Each structure stands twice: as C-alpha cells, then as structure tokens.
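Next come the chains, spelled out residue by residue.
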Amino acid sequence: MRKLRRARLLVTGGAGFMGSSFIRTLLSQEEFEGQIVNLDLLTYCGSLLNLENISGDSRYNFVLGDISDTKLVDELISDYHIDTVVHFAAESHVDRSIESAGPFFKTNVLGTLNLLEVIKNRQHIHFHHISTDEVYGDTSIEEPFTENSQYRPNSPYAASKAASDHIVRSFCQTYHVSACITHSVNNYGPFQFPEKLIPVVLEKLMNKKPIPIYGSGLQIRDWLYVEDHSRAIIAALEHSRPGFTYNLSAKNPKTNLDLVHNLIDVFAKLKGEDQASYKTLISHVQDRLGHDMCYVVNPEFSYTSLNWKPRVDFDEGLKQTVSWYLQNSSWIQSVLDRGNQSATSLECVGAKQ
Ligand SMILES: NC(=O)c1ccc[n+]([C@@H]2O[C@H](COP(=O)([O-])OP(=O)(O)OC[C@H]3O[C@@H](n4cnc5c(N)ncnc54)[C@H](O)[C@@H]3O)[C@@H](O)[C@H]2O)c1
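So, a few notes on the structure that sits alongside this text. (Residues numbered from 1 in each chain as written. Predicted model: local features only at pLDDT ≥ 70, side-chain atom pairs only at ≥ 80, totals over all residues. Heavy atoms only, no water.)

### Focus: the sheet that holds strand β9 (residues 220-225)
Picture the strands of a sheet paired through backbone hydrogen bonds; they go either parallel or antiparallel. Strand order in this open sheet of 3 strands is β7-β9-β11, and the pairing throughout is mixed. The open sheet terminates on both sides in strands that have one partner only, identified here as β7 (186-188) and β11 (253-255). Ignoring strand direction, the axes of neighbouring strands in this sheet form an average angle of 50°. Against the sheet, helix α7 (residues 226-239) engages β7 and β9, with an angle of about 70° to β9. (Pairing = 2+ DSSP bridges. Helix = DSSP H or I, 4+ residues; strand = E, 2+ residues; numbered from the N terminus. Axes fitted to C-alpha atoms, helices over the stretch in contact; angles between N-to-C directions. Contact = heavy atoms within 4.5 Å.)

### What to know about the sheet that holds strand β3 (residues 60-64)
Pairing in this open sheet of 7 strands is parallel, and the strands run β3-β2-β1-β4-β5-β6-β10 from one edge to the other. Two strands bound the open sheet, and with one partner strand each, they are β3 and β10 (245-248). Taking the axes of each pair of neighbouring strands and ignoring which way they run, one obtains an average angle of 20° across the sheet. Strand direction decides the pairing type here: strand β5 (residues 126-132) and strand β6 (residues 178-184), joined by 7 bridges, are parallel. Residue pairing for β6: Ser 131 is matched across the bridge by His 183. Here α7 sits on the sheet and contacts β1 (8-12), β4 (84-87), β5, β6 and β10; the angle it forms with β5, its principal contact strand, is near 145°.

### Quick word on the packing of aromatic side chains
Taken as a whole, this structure holds 18 aromatic pairs when the rule is applied. Each ring, one from Phe 104 and one from Tyr 157, has its centre 6.4 Å from the other, and the planes form 80°; the classification is edge-to-face. Of the two residues, Phe 104 is situated in helix α4 (residues 102-119) and Tyr 157 in helix α5 (residues 156-175); the sequence distance between them amounts to 53 residues. Like Phe 104, the residue Tyr 157 is buried in the burial classification. Aromatic pair Phe 244 and Phe 301: ring centres 6.3 Å apart, planes at 25°, arrangement stacked. Of the two residues, Phe 244 is situated in the loop between α7 and β10 and Phe 301 in helix α10 (residues 300-305); the sequence distance between them amounts to 57 residues. Each member of the aromatic cluster is reached from another via a ring pair, and the members are Tyr 188, Trp 223, Tyr 225 and Phe 314. The ring of Tyr 44 is capped by Arg 96, whose NZ or CZ atom sits 3.8 Å from the centre of that ring. Taking the ring centre of Tyr 175 as reference, the NZ or CZ of Lys 120 above it sits at 4.5 Å. (Phe/Tyr/Trp six-rings, centres within 6.5 Å; stacked < 30°, edge-to-face > 60°. Buried < 20%, exposed > 50% of the residue type's maximum accessible area, 1.4 Å probe, protein only. Lys NZ or Arg CZ within 6 Å of the ring centre and 35° of its normal.)

### So, the side chain of Gln 35
Tracing the backbone shows Gln 35 in strand β2 (residues 35-40). The exposure class of Gln 35 is buried, given its relative accessible area of 19%. Here Asn 61 takes part through its side chain, which lies 2.8 Å from a polar atom of the side chain of Gln 35. Setting aside its immediate chain neighbours within four residues, Gln 35 contacts Ala 7, Arg 8, Leu 9, Ser 58, Arg 59, Tyr 60 and Asn 61. (Polar contact = N/O pair within 3.5 Å; in protein donor to acceptor, adjacent residues only side chain to side chain.)

Take a look at the structure:
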C-alpha cells in the first residue's frame, strides 16, 4: 500500500452493500493509517448495522448527509483534508427505476455532478467513480464488453449511471480532474439489501415462500464476490491511471435460473435438508420491462494493469454468502423493517441483476 497508506478518503454511500464492504476491507489492513469519512444519507437500503464492527475505529468517521448538499460536501472536504473521493452512493435498484426514474437522475446524475463541482478546483483530489456493466446494455456470452464497448443503457438506472460516467469523463477532460471509473458486474456477498436477486432468494427459502423468477430465467449475469470488488477498488486507487476505465469481473456468468438452483443446493446442504422440496418454490412470473438478456465483461485489462485478480471462487463465495444470511436472519428483518415496505413489492428474481 503506497498511495493509500495515509490517504484521507471521502467514501459516499459507505453504509450500503458495496461501500460498507470497501470500508471494512480497507480498515482491515493495519498498514492503512489514513482516515475514512463515510457520507451516507441512509436511504431505505443503507444501514449502520453494516458497519457495526468498525464503528469505533479511530480511522473511521460517519456523516449523515446528501451528496447533493454542496455546502456539506465542501465543508467535509476542507475539514477532513480529503485527497481521495470514492463514490458509491446511488439509487441502484433497476425495478425501482422503472417504477419511478426521477430519484435515480437526482442522486446518480445531479449528486455526482455536485461532488465533481466541489472538487474541480482542488486539483490534488482523486475521484474514483463506481459504475456498472449495465451502461453497455445487452450483449451475448460470446461478446463480452470491453472498456471500448459502446454505451447503450436500456433501463433508467443504467441511463442514470451512464450519464454520471459521462459527467466524470467531461470533468476529467475539461477541468483536468484526476478521475477513474470502474465498471463492475453484479456483486454478491453478505450485507446486500434483500431486494436484489441472491438475498431475495435466500429470504424466500428461509421462509419457504415462492421464489418469483422473471420470465424464462435464462438472463445471464456475471458475478463477483463483494470483497473481491473492494480489493479491486483498493488496487485501482493504487494503480489506475487517471482518465482510464476498468471492467471488473471474476468470469462467473450464470443464468438466473442456474444461480437459483445453485443457491437452493447450497442452502439445502447447509441445512441438512432435501433440495427437491425447495425447488418446487420456483415460480416464473411476467418478465421485467426492457429486461436485458446478458451482461458479461472482459476483465483482462484490469487483471494486467491494476495488479488485481479475484480471489474468491464462485462456489466458495456462494457458500459463505448463504451461511452468512442463515446466521444473520435478524439483520434481514432489521433492514427490511427499516427500509420502506415497497421493498417487498419490488422483490423479484432478476431485480437489478
Ligand atoms: N450491487 C451491484 O451488484 C452493483 C454492481 C455494479 C455497480 N454497482 C454500483 O455500486 C454502487 C453501490 O451499489 P450498492 O449495491 O452497494 O448499493 P446500495 O443500494 O446497497 O447502497 C447505496 C448507498 O448509497 C446511499 N445513498 C443513496 N442516495 C444517497 C445520497 N443522495 N447521498 C448520500 N448517500 C446516498 C444509501 O443510503 C446506501 O447506503 C452504486 O453506485 C451502484 O450503481 C452496484
């Protein structure tokens, strides 16, 4: 750890699934002597329960607030002498963006613009933008997206993330902001809010409720363990080149249906029960509007230039994830109780993914 060792980071959305993993992973490195300021609005999916084990760490600070609040962001950057921004905060659930796109453009586009406006005249600050493979739109397993693929977002969520990527690029070109963008495939692991595919399936299995699968379930998504993503961001902060973009994947493409079968197998095995009865819970429902069939990226450029490779094998990652949810059913209940009840009406397999 060379650049990051004494870095002073503003992490946005650090109480969410991926942001909290990044904070836990960075703080687990004893050689990190810097500071992390976690700016999070604690919307329905953000929870301080995700950070309980590090809340007393002297290198960590939490600030409740909105990335769109110019005065607050400006003060935090000055008061904490921030030199690095890692931007996770977003509205991230595709189904919600189809129901109502406005909040996605407010947070993902205008919120990102606000952060960049605040830092554009502070040339010492590096901005790392967390983006998604969904900005590239639909592809086939034979044609994984590369960093040069065309942007063709198909959902309001993907369009809002694409717009934010373009703003980052424009600030890089126009104002010489030091910035980098990573496009990750679907993440999985502990602490994911139960509206996304894997935690929804596990919550249904735990309660022996029907598992709704969009359409045929043959949509393909590529899966990366969340701690591997966190290590990729640390590697990018160390080794990325400003103005460059990097695709992140562990090369685990699966159909949604195969993934659900895998989850049932692991779940039943851990419970010492027969998988057959759980498989009868699978229930195909009407497909999502504009549902992309396949997202898959080629991560070779990241592997060679970031000195990063995923460490967690898919079967092992899935086992760890299922075990974690089985041991943390009270976490599921707490975050669902806190999140608004619409989370339950939007939960469908394939959601986001
Ligand atoms: N989950 C995935 O598989 C995946 C894959 C690729 C990229 N991404 C991107 O990674 C980032 C994090 O995703 P996630 O799954 O952890 O999301 P999440 O929904 O779990 O967390 C989002 C966090 O942002 C916070 N937030 C929302 N609006 C805010 C605002 N205006 N100001 C401050 N904080 C705000 C929320 O409270 C929450 O803690 C997002 O930018 C998402 O687009 C996610």
